[in-house]
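This is what each chain is made of:
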Amino acid sequence: MNDFWFYTELGFTHVLDPNGYDHVLFLTALALPFSFGQWKKVFWLATLFTLTHCLSLALAAYGIVQVNSDLVELLIPITILITALLNLYTADKAQASQKAFRMDLGVTGFFGLIHGLGFSNYFRMLMAEEEEKTAPLLGFAAGIEGAQLVVLLAVLTLSFVLLQWTPLSRKYYVWGFSLVIALIALKLIFF
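Residues numbered from 1 in each chain as written. Predicted model: local features only at pLDDT ≥ 70, side-chain atom pairs only at ≥ 80, totals over all residues. Heavy atoms only, no water.

Kindly report on the packing of aromatic side chains, identifying the contributing residues and their values.
What the rule picks out here adds up to 14 aromatic pairs. Linked through ring pairs, Phe6, Tyr7, Phe119, Tyr122, Phe123 and Phe140 together constitute an aromatic cluster. (Phe/Tyr/Trp six-rings, centres within 6.5 Å; stacked < 30°, edge-to-face > 60°.)

What follows is the structure in C-alpha cells.
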C-alpha cells in the first residue's frame, strides 16, 4: 500500500511540477472553451487524458514500448499548440454539439498517449525495481487525475470570474488565452 501512496504523490506532483508546466498548459487549453455548466464534459476529457497517459506508462513499465525521448519532447508542445489553435478556430462556435465533443475526446485521448510517453522512460526506470506494477500504476493514475481536477477547477473558476465580472466576451477570452498558450507552445517547440 505504501507503493500506491508514493506513486499517487508522484502522479500529483508530476502534473503540478513548475518545471514541467506543459501538463498545466495542455489542461488549460483543453478547459478554456468550457464553462462550469459543462463540467461533466471537462471531467470526461481529463479522465480520458489520464487513462491514455497511464496506458503509455503501463506499456513502458512492462517493456512493450520504448520511445525516442527527443521526439516525444517535441510532440508534447505540438499537442499544446494544436489544442490552442483548435480553440482559436472554435471559440465563436458552440461547444455543445456531440460531434464537437467526440472530436475533443479523440484528440484528447491521442494527446494523452503522447504526454504519457514523455514520462515513460523515467517511469520505466522507477518501475524496474517493482515486482508488482499494478498498484503503482493505479496510484500514479489517481495522482494525475487528482492534480488535473485541481487544475481544471482553477481554470473553470478563473473563466467564470473573468466572464461574469468583466465585459470580456467568451469568444475573446478563449482567443486571448489560447493565443498566449500557442505562443508559449511555439517557444517550447523552437527554443
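Just give me the short version of the confidence of the model for the chain, but keep the residues and values in it.
Taken as a whole, the chain shows an average pLDDT of 90; of its residues, 97% reach a score of 70 or greater. Confidence, expressed as mean pLDDT per element, reaches its minimum in the chain at helix α5 (residues 98-127) with 87 and its maximum at helix α7 (residues 170-190) with 96. (pLDDT = per-residue confidence, 0-100. Helix = DSSP H or I, 4+ residues; strand = E, 2+ residues; numbered from the N terminus.)

Outline the nonpolar core, listing residues and values.
Counting 48 residues, the largest nonpolar core has Ile80, Phe123, Phe140 and Ile181 as the members making the most contacts within it. Elements with a contribution of two residues or more to this core: α1 (2-16), α2 (22-31), α3 (39-61), α4 (69-90), α5, α6 (134-165) and α7. With 10 residues, α6 is the single largest residue contributor to this core. Beyond its immediate sequence surroundings of up to four residues, Phe140 is in contact with Tyr7, Thr8, Leu10, Gly11, His14, His53, Cys54, Leu57, Phe119 and Phe123. (Core = buried A, V, L, I, M, F, W, Y, C linked by side-chain atoms within 4.5 Å. Buried < 20%, exposed > 50% of the residue type's maximum accessible area, 1.4 Å probe, protein only. Contact = heavy atoms within 4.5 Å.)

So what about α4? Which residues, and what values?
Look at α4: 32 Å from first C-alpha to last across 22 residues, which is about the 32 Å you get at 1.5 Å a residue. Regarding α4, the residues found buried are Val72, Ile76, Pro77, Thr79, Ile80, Leu81, Thr83, Ala84, Asn87 and Thr90. Turning to α4, the residues buried within the fold contact α2, α5 and α7. The N-cap residue of α4 is Asn68: its side-chain oxygen and the backbone nitrogen of Asp70 are 2.8 Å apart. (Expected span 1.5 Å × (residues − 1). Polar contact = N/O pair within 3.5 Å; in protein donor to acceptor, adjacent residues only side chain to side chain.)

Provide a residue-level description of the packing of α2 against α7, including the pertinent values.
Close contact between α2 and α7 brings their axes to 11 Å; oriented N to C, the two are set at 150°. In terms of their interaxial angle, α2 and α7 are classed as roughly antiparallel. The handedness of the crossing between α2 and α7 comes out as left-handed. Together, Leu25, Thr28 and Ala29 of α2 and Ile181, Ile184 and Leu188 of α7 make up the contact between the two elements. Of the residues belonging to the contact of α2 with α7, the class tally is 5 nonpolar, 1 polar and no charged. (Axes fitted to C-alpha atoms, helices over the stretch in contact; angles between N-to-C directions. Parallel < 35°, antiparallel > 145°, perpendicular 65-115°, else oblique. Left-handed = near helix turned anticlockwise from the far one by under 90°. Nonpolar A, V, L, I, M, F, W, Y, C, P; charged D, E, K, R; others polar.)

So what's going on with the environment of Tyr122? Residues and values would help.
Mapping Tyr122 onto the fold places it in helix α5. Along the backbone, Tyr122 and Phe4 are 118 residues apart, and their C-alpha atoms lie at a distance of 17 Å.

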